[in-house]
Structures are given as C-alpha cells and as structure tokens.
Amino acid sequence: LGSECRFQILRFVSQRLRADREVVEAAVQQSGLNLKHACYQWRRDREIVLQACAQNGAAFRYCLPGSVKDELFKDEEFLLQVVKSCPNFVMKNCDSRFSSNREFLLQAVVNGLDMDLLPEAYHLDVGFLREMIHASPRRYRDLSLTPMKESLEVALAVCQAKDPSDDDLLEATENCPELL
C-alpha cells in the first residue's frame, strides 16, 4: 500500500472495525496517523498511542485529551521520541520544565523547531548553537535574527559539521569573513 492508503486505512472501515483493538493495533503499526480514525477508546489507550507514536510521532496529535495525554506530555523519554516528528507541536504543548531542558531543546531544534519557539537565552548560548549546528548545519541559516550568526565560534561550527552543504559554508563565510 502507498503511504496515503496506509494512513487512511481506518477511515474506510466500519465503526465495528475501528473499535477492534487488534485491527487498530495493526493499522497504527502500518501508519501511526491511523490513530486519527480509531474509536475514542483507543485514542485514549496508552499502549495504542505509544505504538502509533513509535511509528510516527505526529500521531500524538490524535491522542484525545485526558489522563494518558497529560501523562505523556510530562514523560521526557516519550517527548524526546515525538519531538523528532513534530517539534513545534510538542514545544507548544509540553510541560514547561522542558523549555529549560538542554537535551530536549537541542533535539527539538535539530528536528526543525521554529527558532522563535526556542527560549531567548539559547539564542545567545554559543555552546548550544555550536551543538545545534554540528548536528544540523542547515540550522545556521535560521540564525538571521541573532547577533550570534556573525560569531566566529558559531560560524566555525558549520565548517566542523559532518555534512554542511555548499550553501551553509558560503553563508558562514559571508557572515564571518575571518573563516577565510
């Protein structure tokens, strides 16, 4: 099946099948996004939600509000997994203690977190920015609103990253001519 069909599989089955645990488990293992079409009972079930999110972290959007969702929004290990698929959603909804968790924020930024959702202190933290760029050189281009983009130490991180693109390197040398 194509990815669109795997995502939609529960959409086209009867309510009886959407309520069948085995059918729902098989569907979310094919595509976690099938959680959207499961009956409410399974959208609140911790085990099924975890299976769906293991397949695709973005499935967490379809977990219904309640104790399971509240509990998972406080679970660091779970959120570190889900933040890989939908960093902005997680940052906007997770427990506030994660906004100061360096490992969590680094994982979120590397996976595409909008820089405006990153707490301000991290925009000026050279060590954090170096780690971020080392893990994902393309994120250097997202530093346009911070004076750190012209920092030699931050620009150097682009050159030391594993696979910087030519565009990343060009931008780093344009912003920090001392690299040349």
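Residues take numbers from 1 onward in each chain, read along the sequence in its written order. pLDDT decides what is reported in this predicted model: residues at 70 or higher carry local features, side-chain atom pairs at 80 or more are listed and counted, and totals for whole chains, interfaces and linings draw on all residues regardless. Think of the side-chain values as coming from all heavy atoms in the structure, minus any hydrogens and water.

Check the secondary structure of the chain and you find 13 helices and 0 strands. Helices and strands in the chain line up, N terminus first, as α-α-α-α-α-α-α-α-α-α-α-α-α. We take the radius of gyration over the C-alpha atoms and set the globule estimate at 2.2 Å times the residue count to the 0.38 power. Since a compact globule built from 180 residues should have a radius of gyration of about 16 Å, the 20 Å found for the chain marks it as more spread out than a globular shape. The C-alpha extent of the chain, read off along each of the three principal axes, is 65 × 35 × 20 Å. Remark: exposure states derive from per-residue accessible area (1.4 Å probe, protein chains only) relative to the maximum for the residue type, with buried under 20%, exposed over 50%, and partly exposed in between. Split into buried and exposed, the 180 residues of the chain put 45% on the buried side. Restricting to contacts in the chain with at least 6 residues of sequence separation, those with at least 24 account for 46%. Accessible surface for the chain amounts to roughly 9,600 Å². Of this, 48% is attributable to carbon and sulfur atoms. In this charge count, Lys and Arg are treated as positive and Asp and Glu as negative; neither His nor the chain ends contribute. For charged residues, the charge sits on one atom: NZ in Lys, CZ in Arg, CG in Asp, CD in Glu. Seen as two clouds, the 22 positive and the 28 negative side-chain charges of the chain have centres 9 Å apart. Comment: elements are numbered from the N terminus, with helices defined as DSSP H or I runs of at least four residues and strands as E runs of at least two. In what follows, a contact means two residues having at least one pair of non-hydrogen atoms within 4.5 Å. To measure how exposed things are, a 1.4 Å probe is used in the Shrake-Rupley method; for residues, cover is taken only from the protein chains shown.

Here the focus is helix H13 (residues 166–175). Three or four residues apart is the spacing at which side chains of an α-helix point the same way, because the helix has 3.6 residues per turn. Within H13, burial applies to Asp 168, Glu 171, Ala 172 and Thr 173. For H13, the elements touching its buried residues are helix H12 (152–160).

This part takes up the nonpolar core. We call a set of buried Ala, Val, Leu, Ile, Met, Phe, Trp, Tyr and Cys residues a nonpolar core when their side-chain atoms join them within 4.5 Å. Core analysis: the largest hydrophobic core is formed by 55 residues, its most contacted members being Phe 60, Val 90 and Phe 104. Counting only elements with at least two residues in this core, the list comes to helix H3 (21–30), helix H5 (46–55), helix H6 (67–72), helix H7 (76–82), helix H8 (87–93), helix H9 (102–110), helix H11 (126–135) and H12. At 6 residues, the largest contribution of residues to this core is made by H9. Setting aside its immediate chain neighbours within four residues, Val 90 contacts Leu 79, Val 82, Val 83 and Phe 104.

So, about the packing of H12 against H13. A fitted line through C-alpha atoms serves as each axis, taken over the contacting stretch for helices, and the angle formed by two N-to-C directions is quoted from 0 to 180°. Remark: H12 packs on H13, axes separated minimally by 9 Å, with the N-to-C direction vectors making an angle of 155 degrees. Of the possible angle classes, the one that applies to H12 and H13 is roughly antiparallel. As H12 packs across H13, the resulting crossing turns out to be left-handed. Judged by residue contacts, Ala 155, Val 158 and Cys 159 of H12 engage Asp 168, Leu 169 and Ala 172 from H13. The class makeup of the residues in the contact of H12 with H13 is 5 nonpolar, no polar and 1 charged. Angles are sorted into four bins: roughly parallel if under 35 degrees, roughly antiparallel if over 145, roughly perpendicular if 65 to 115, and oblique for all others. Here a crossing is taken to be left-handed if its near helix is turned anticlockwise relative to the far helix by less than a right angle, and right-handed if that turn runs clockwise. Nonpolar residues are Ala, Val, Leu, Ile, Met, Phe, Trp, Tyr, Cys and Pro. Charged residues are Asp, Glu, Lys and Arg, and all others, Gly as well, are polar.

Turning our eyes to something else, we now look at H11. Those residues of H11 that sit buried are Phe 128, Leu 129, Met 132 and Ile 133. The buried residues of H11 occupy one face: seen down the axis, they fall within an arc of 125 degrees. Looking at the packing, one finds that the buried side of H11 touches H9, helix H10 (120–123) and H12. Its side-chain oxygen 3.1 Å from the backbone nitrogen of Gly 127, Asp 125 forms the N-cap of H11. In this description, the arc belongs to the directions extending from the helix axis to the C-beta atoms. Residues adjacent in sequence count toward polar contacts only when both atoms are side-chain atoms; beyond that, a polar contact is any pair of N or O atoms within 3.5 Å, and within protein one must be able to donate a hydrogen and the other to accept it.

Glancing now at the confidence of the model for the chain. One confidence number per residue, pLDDT, is output by the predictor and ranges from 0 to 100. For the chain, the average pLDDT comes to 89, and 95% of its residues sit at 70 or higher. For the chain, the element scoring lowest by mean pLDDT is helix H1 (residues 3–8), at 64; H3 scores highest, at 96.

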